[in-house]
Structures are given as structure tokens and as C-alpha cells.
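Commentary on secondary and tertiary structure
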Amino acid sequence: MEIVSAVSLWLIPILIGFILIYGTFKKVPTYESFTEGGKEGIKIAVSIIPFLVGMLVAISVFRASGALEYFMDLIRPGLDALGVPPDIVPLAIIRPISGTAALGMTSDLIAVHGPDSFIGRLASVLQGSTDTTFYVLTVYFGAVGIKKMGDALKVGLLADLAGIIASIVIVTLVFGNM
């Protein structure tokens, strides 16, 4: 265990040192390359701010409008028939939109129901089995200027749905519906 701790402590500094020495050996101006990369990173960060603001506003409007609660009331009978806990649905809806909001919801579900409960386990597996599709598309496609992302959105949401279904099935099979 001590070896793993020592390796993890020194791995990044050694890797950075190796890159600097290798770059210097290959006659690459390492400091100038580093500062140019920093400038490009700041430009990209500034260019994606409008996309991030738009996404955060949409999330806030969705939650504050009561649309989430209305949707939950609408699908609750079907969820009960399938044996899916309704408490998990807001997480499944928010996860493709915002990883931070989903992590907060997962933490709340675990705090309320416990980490060893069916809902706590399902929330944990769901958190790790899906992606922040809207965030990824907004940031990465926005950063490179891609405007048409319809097919990528469909495939990403389909993958999220597959992750949600797989999470429910696997947690039910492994732990049973508690």
C-alpha cells in the first residue's frame, strides 16, 4: 500500500519533468509552448461561456417551473407498475444535462435513503453509467463551432437511456428490489 501511495504522489511530477526534459532534448521551446497552450485554453474557455450560460438557464427554468414535478406525477403509475422507484427519475432526467446537479441529487438520495438501500445503490450505478450528454455536446461542439448536432444528440440520449435501463436491471438482479 505504501508503494502505491509513493507512486501516486510522484507520478505527475515525474511525468511533467520527463516531458520538459524530452522537449528540451528535441529542441522544443517548452516554456513558450506552455504559455501558447495557456492562451488557447483561455480563448476556448471564453468562447464556451455563452453555451454554458444557456444550458444553466434552461436547467433552472425546467426545475423552477414545476415541469419536473408535473412530469413525475404523470409517469408515477407506470413506474410503480414496473417496480422502478420514482425517486430515481429526477436523477435520470438531470444526469444527461448536468453532472454537478446529478451528483448533488445522488448525494441527496444517498443521504435520505442510505448508501446500502436499493435507491442509494441505483443512484450510484446510474451516476456512473450515464454521461452528461447535453454538457458534452454544448461544450465540445460549441468550442469547435459545430452547429448541427442532432444526430449526436439522438445517439447520446439513446446511450443514456440504455445506461438507465441497464442500471435498473443490473441493480435489481444483483441486489434485488428492496
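To start, this report covers the structure provided alongside it. (Residues numbered from 1 in each chain as written. Predicted model: local features only at pLDDT ≥ 70, side-chain atom pairs only at ≥ 80, totals over all residues. Heavy atoms only, no water.)

Attention shifts here to the side chain of Gln127. Along the chain, the position of Gln127 falls in helix H6 (residues 118–129). Reaching out from Gln127, the side chain makes a polar contact with the side chain of Thr106 at a distance of 3.1 Å. Apart from residues lying up to four places away in sequence, Gln127 is in contact with Leu91, Arg95, Gly99, Ala102, Leu103 and Thr106. (Helix = DSSP H or I, 4+ residues; strand = E, 2+ residues; numbered from the N terminus. Polar contact = N/O pair within 3.5 Å; in protein donor to acceptor, adjacent residues only side chain to side chain. Contact = heavy atoms within 4.5 Å.)

Before going further, it helps to examine the packing of H6 against helix H8 (residues 150–175). Orientation of H6 relative to H8, taken along the N-to-C sense of each, is 140 degrees, at an axis distance of 9 Å. With respect to H8, the element H6 is oriented oblique. H6 and H8 meet at a crossing whose hand is right-handed. Two secondary-structure elements touch here, H6 through Phe118, Arg121, Leu122, Val125, Leu126 and Ser129 and H8 through Gly163, Ile164, Ser167, Ile168, Val171, Thr172 and Phe175. Counted by class, the contact of H6 with H8 contains 8 nonpolar, 4 polar and 1 charged residues. (Axes fitted to C-alpha atoms, helices over the stretch in contact; angles between N-to-C directions. Parallel < 35°, antiparallel > 145°, perpendicular 65-115°, else oblique. Left-handed = near helix turned anticlockwise from the far one by under 90°. Nonpolar A, V, L, I, M, F, W, Y, C, P; charged D, E, K, R; others polar.)

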